[in-house]
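# Summary of the model geometry
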Amino acid sequence: MAKKTVFSGKVEFVQVLDKDGKADKTLLPKLSKEELKQLYRWMVFARIADEKCLKLQRAGRIGTFAQILGQEAQVGVALALKKNDWLVPSFRENALIWALGAKAEDIYQLFGGFEKGQQFSGLNILPISVPVGTHPLHAVGIAWAFKLRNEKKVVATFFGDGATSEGDFHEALNFASVFQVPCVFFCQNNQYAISVPRKKQSHAQTLAQKGLAYGMDGIQVDGNDVLAVYRVARTAIEKARFGGGPTLVELVTYRMADHTTADDATKYRTKTEVEYWKKRDPILRMQHYLKTKRLWTEKWEDTLGIQIRSQIEKSVQIYEALSQPQVGEMFDFLFEKKTPELEQQKNKLQNWKNQEEGKV
Amino acid sequence: MTQMNMIQALNSALFHALEKDSSVLLLGEDVGLNGGVFRVTEGLQKKFGEKKVIDTPLSESGIVGSSIGLAIAGFKPVAEIQFSGFIYPAFDQLISHAARMRNRTRGKYSCPLVVRTPCSGGVRALEHHSESTESIFIHTPGLKVVMPSTPNDAKGLLLSAIFDPDPVIFFEPMKLYRQLKQEVKEDFFEIPLGKAKIVKPGEHVSMVSFGTMVPQCIKALELLDKKGISAELIDLRSLSPLDFETIQDSVHKTGRLAIVHEAPRTLGLGAEIAATIAERNVLDLEAPITRITGFDTIMPYYRLENDFIPSSERIAFEVEKIVRF
């Protein structure tokens, strides 16, 4: 035979809750009442904490900030990860970072000009990565370490639709697949890379299918459906944990806010489009579902809101009570041990500051 | 002690590193079965296995980016980039992440990795195979940069680099891979980073050099000696951090300074040394500082490469000028 098909692939789309919160019972993940409420709580926390960031930025109390508004269903991945698993995020995963146990003030610090905010103390989370698409390779390296040490741990990494156009994204998928490392790639396709829409980012019908070219599964998920996100994440993570290799998961979602506080999205998208996505809000959708399960009441919602707001106020107080970092700090973490030249430069700056402040 | 060339010395260093510490990994293109295109990793995969000496896809950013993750997760990766002229796809990973991870997380994470890469010209290679790119890395805060010129230094410095807690770019001058054989200790030893070496003490002028230019400077010493000029030769070995103290002490003694490197002149390491010595040794100087370097041109194809690279004659000629100033 001269001609034959040597490869064919498929990409499935998974949605558990439709846009009105009605569940497909055949796809519902097995979750306890408490877990269902936890997913909802995490999303509400993220929305309020995110909104607070915006207010802090507008008041000049933190710097440029990237909102996650509309993308809260990413918290589904938090429920699928185990305590010893790792997260390698980009800069639009605050909801997930909070759900994994980071404090609201960690994020406020980070966007408020303190490197210390990148530590996420006690958690296996890498610092947020600003150069688009570069960090999935770090996730691959960490996952590779787990495989080499026979540890049953998994790394989840997040990036946006724009990142799939970067070379490092492809190198990461290729390495992950060649070495069959326990890494799950989550692409938050929020339809825009700043102003450039998804269709101009790639001519491919889905972003998930890019996984197939590297010999890994690619799957597309309704990224505004927290139950679908959880369901697919759990399957991919457990597959990776037990030697099944990496997966590329495309979460189809929408960035309701501007790219960052320095952007104005009204310049490049229509109200109609934003309204369309507003009707697909991940929190309202889950709220409808919880109502049908008799797990949601207005009273619970009110109490939840009050609790979260008071928790966030405390975080803001902690953040605002931080004193300006010591000027020498910029020299102290370049290397484990400071070089003589860095020591000299540090002293020089310190002396200048002292002179400026009239201490000498 | 055994007679070793630089390839053998580097191979011995990698052998000892792998033997001493199970977290050491070698990865790169052709480093496994093939033993590396220059045979630096020869026999190591056979000895330590495919999980320790890893052939990777042809993917420089992939090699360095995944090494960052491996390093964060507790390994000590020694990545090979086949030629320094091909390091650019990995540049973003080195500059944006490896160099910054410790600082960015205020010490929570660090990147104890080494990138080994053959460099510099003189071997009649194709375009991109003869580059001297060290300054770009020296200019980047958070990276250490090393370039040995002898087998013994190559071994001791590579072992220090591998066990250093921070990222090190380790340049290996290809021309010197097989040029010199010397006695090298067979077992594990380290030569500390950040310490220059006085190759030959002298009275009239300080010559500061590194990498391929050190053997050229040694030849120049003979030419100068015939003219009654006693030059002190310093091999920097570590380019970042740089041992200014040794240079300052030497210039204090001789009053004259010539810096010799193969890389282009503008913002080459010579510029930084000249500026610093001008600041710190102004009262010692009896003549202008001179730089003997490659030119601000693209490294030519091999027909002209020996006109680009400073020769011992050119070095001696320029050094004599400042001595007679």
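Residues numbered from 1 in each chain as written. Chains lettered and ligands numbered in written order. Predicted model: local features only at pLDDT ≥ 70, side-chain atom pairs only at ≥ 80, totals over all residues. Heavy atoms only, no water.

Our next topic: the domain arrangement of chain B. Residues and elements named next belong to chain B. By domain assignment, chain B separates into domain 1 (2–184) and domain 2 (197–323). Between the C-alpha centres of domain 1 and domain 2 there is a distance of 26 Å. With 27 residues of domain 1 at the interface, the matching set in domain 2 holds 23 residues. At the boundary of domain 1 with domain 2, total buried surface from both sides reaches about 2,000 Å², with 55% on carbon and sulfur atoms. Looking only at domain 1, the three residues that lose the most surface to domain 2 are Arg124, Ile138 and Met147, adding up to 23% of its buried area. Taken together, the links from domain 1 to domain 2 amount to two salt bridges. (Domains from an automatic or database assignment. Contact = heavy atoms within 4.5 Å. Buried area = accessible area lost by both parts, 1.4 Å probe. Salt bridge = Lys/Arg side-chain N within 4 Å of Asp/Glu carboxyl O.)

As a further point, take helix α14 (residues 340–356) of chain A. Taking 1.5 Å per residue as the helical rise, α14(A) with its 17 residues ought to reach 24 Å, and the 24 Å between its terminal C-alpha atoms agrees with that figure. Inspection of α14(A) places Glu341(A), Leu342(A), Lys346(A) and Asn354(A) among the buried residues, and these make up the whole buried set. In this structure, the buried side of α14(A) is in contact with α13 (329–332) of chain A together with α9 (244–254) and α10 (269–280) of chain B. Positive phi appears at Gly358(A), one or two residues downstream of α14(A), with a value of about 70°. (Helix = DSSP H or I, 4+ residues; strand = E, 2+ residues; numbered from the N terminus. Expected span 1.5 Å × (residues − 1). Buried < 20%, exposed > 50% of the residue type's maximum accessible area, 1.4 Å probe, protein only.)

Residue and element names in this part refer to chain A. With their axes 8 Å apart at the nearest point, helix α5 (residues 136–148) and helix α6 (residues 167–178) run at an angle of 15° to one another. Here α5 is positioned roughly parallel relative to α6, judged by the angle of their axes. When you trace α5 past α6, the crossing you get is left-handed. Where α5 abuts α6, its residues Pro136, Leu137, Val140 and Trp144 lie against Asp168, Glu171, Ala172, Phe175 and Ala176. Here the residues of the contact of α5 with α6 are counted per class, giving seven nonpolar, no polar and two charged. (Axes fitted to C-alpha atoms, helices over the stretch in contact; angles between N-to-C directions. Parallel < 35°, antiparallel > 145°, perpendicular 65-115°, else oblique. Left-handed = near helix turned anticlockwise from the far one by under 90°. Nonpolar A, V, L, I, M, F, W, Y, C, P; charged D, E, K, R; others polar.)

Before going further, it helps to spend a moment on the pairing of strand β4 (residues 76–80) of chain B. All names here are of chain B. The element β4 is extensively covered by neighbouring structure, given that four of its five residues are classed as buried. For strand β2 (residues 24–28) and β4, the ladder comprises five bridges, and the chain directions are parallel. Across the sheet, the residue bridging to Leu27 is Ala79, located in β4. (Pairing = 2+ DSSP bridges.)

Let us now look at α9(B). Every buried residue of α9(B) is accounted for by Phe244(B), Thr246(B), Ile247(B), Ser250(B), Val251(B) and Thr254(B). An end-on view of α9(B) places all buried positions within 160° of arc, on one side of the element. Exposed residues on α9(B) whose side chains face more than 90 degrees from its buried face are Glu245(B) and His252(B). Where the residues of α9(B) are buried, they touch α14 of chain A together with β9 (197–200), β10 (205–209), β11 (231–235), β13 (257–260) and α10 of chain B. Where α9(B) ends, the next residue or the one after it, Gly255(B), has phi of about 75°, a positive value. (Arc of directions from axis to C-beta.)

The next thing to look at is the nonpolar core. Grouped together as the largest cluster of nonpolar side chains are 76 residues, with contacts concentrated most on Val77(A), Leu227(A) and Met286(A). Counting residues per element, this core draws most heavily on helix α1 (residues 33–58) of chain A, which supplies 12 residues. With near-sequence residues (within four places) excluded, Met286(A) lies in contact with Leu17(A), Leu36(A), Leu39(A), Tyr40(A), Met43(A), Val226(A) and Leu227(A). Counting residues in hydrophobic clusters, the runner-up holds 74 residues, among them Leu25(B), Leu236(B), Leu242(B) and Val251(B). (Core = buried A, V, L, I, M, F, W, Y, C linked by side-chain atoms within 4.5 Å.)

Moving on, we get to the pairing of strand β8 (residues 247–252) of chain A. Residues and elements named next belong to chain A. Of all six residues in β8, six are buried, a share of seventy percent or more. Residues Thr247, Val249 and Leu251 point to one face of β8 and Leu248, Glu250 and Val252 to the other, with burial holding for every one of them. Note: strand β4 (residues 183–189) against β8, six bridges, orientation parallel. Counted as the bridge partner of Asn189 is Val252 from β8. Where strand β7 (residues 217–222) and β8 come together, six bridges link them in parallel fashion. Across the sheet, the residue bridging to Asp222 is Val252, located in β8. Between the parallel pair β7 and β8, the chain is carried across by helix α9 (residues 226–241), and the sense of this crossover is right-handed. (Right-handed = clockwise from strand over helix to strand, strands pointing away.)

The next point concerns the pattern of salt bridges. Residue and element names in this part refer to chain A. All chains considered together, the criterion is met by 33 salt bridges over all chains. Salt-bridge contacts for Glu320 lead to Arg61; the nearest nitrogen and oxygen are separated by 2.8 Å. Of this pair, Glu320 sits in helix α12 (residues 298–320) while Arg61 is found in the loop between α1 and α2 (76–80), placing the two residues 259 residues apart along the sequence. Taking the relative accessible area as the measure of exposure, Glu320 reaches 39% and is therefore partly exposed. Glu238 is the partner of Arg241 in a salt bridge, and the nearest nitrogen-oxygen pair spans 3.0 Å. Placement of the pair is Arg241 and Glu238 together in helix α9, with a separation of three residues, close to one helical turn. Residue Arg241 is classed as buried on the basis of its relative accessible area of 6%. On the basis of relative accessibility, which here comes to 15%, the residue Glu238 falls in the buried class. One network of salt bridges, in which partners are shared, links Lys82, Asp85, Glu238 and Arg241.

Another point: the sheet that holds strand β1 (residues 12–14) of chain A. Residues and elements named next belong to chain A. Pairing is parallel in the open sheet, where six strands are placed in the order β1-β7-β8-β4-β3-β2. Where the open sheet ends on each side, the last strands, each with one partner, are β1 and β2 (86–88). Direction aside, neighbouring strands of the sheet carry axes that sit 25° apart on average. Sheet strands in contact with α5 are β2, β3 (155–160) and β4, and its direction is about 170° off that of β3.

A few words on the interface of chain A and chain B. Across the contact, 40 residues belong to chain A and 43 residues belong to chain B. Each partner contributes to the roughly 3,400 Å² buried at the junction of chain A and chain B, and carbon and sulfur atoms together form 64% of this total. Where chain A packs against chain B, one counts three salt bridges. Its salt-bridge partner being Glu329(A), residue Arg106(B) comes within 2.4 Å of it at the nearest N-O pair. Where chain A meets chain B, there are 21 residue pairs in polar contact (both at pLDDT 80 or more). Looking at the side of chain A that touches chain B, the elements with two or more residues in it are α5, α6, α13 and α14 of chain A. Considering every element that reaches the side of chain A that touches chain B, the biggest residue donor is α5(A), with eight residues. (Polar contact = N/O pair within 3.5 Å; in protein donor to acceptor, adjacent residues only side chain to side chain.)

Another aspect to go through is the confidence of the model for chain B. Mean pLDDT over chain B: 97, with 100% of residues reaching 70 or higher. Predicted complex metrics record ipTM = 0.96 and pTM = 0.97. (pLDDT = per-residue confidence, 0-100.)

Further remarks concern unusual backbone geometry. The step from Ser240(B) to Pro241(B) runs through a cis peptide bond, and the omega angle for that step is 0°. Mapped onto the elements, Pro241(B) comes out in the loop between β12 (238–240) and α9. Positive phi values are uncommon outside glycine, yet Phe120(A) reaches one of about 45°. Tracing the chain through its elements places Phe120(A) in the loop between α4 (104–111) and α5. Phi at Arg106(B) takes a positive value of approximately 50°, unusual for a residue other than glycine. With relative accessibility at 10%, the residue Arg106(B) sits in the buried group.

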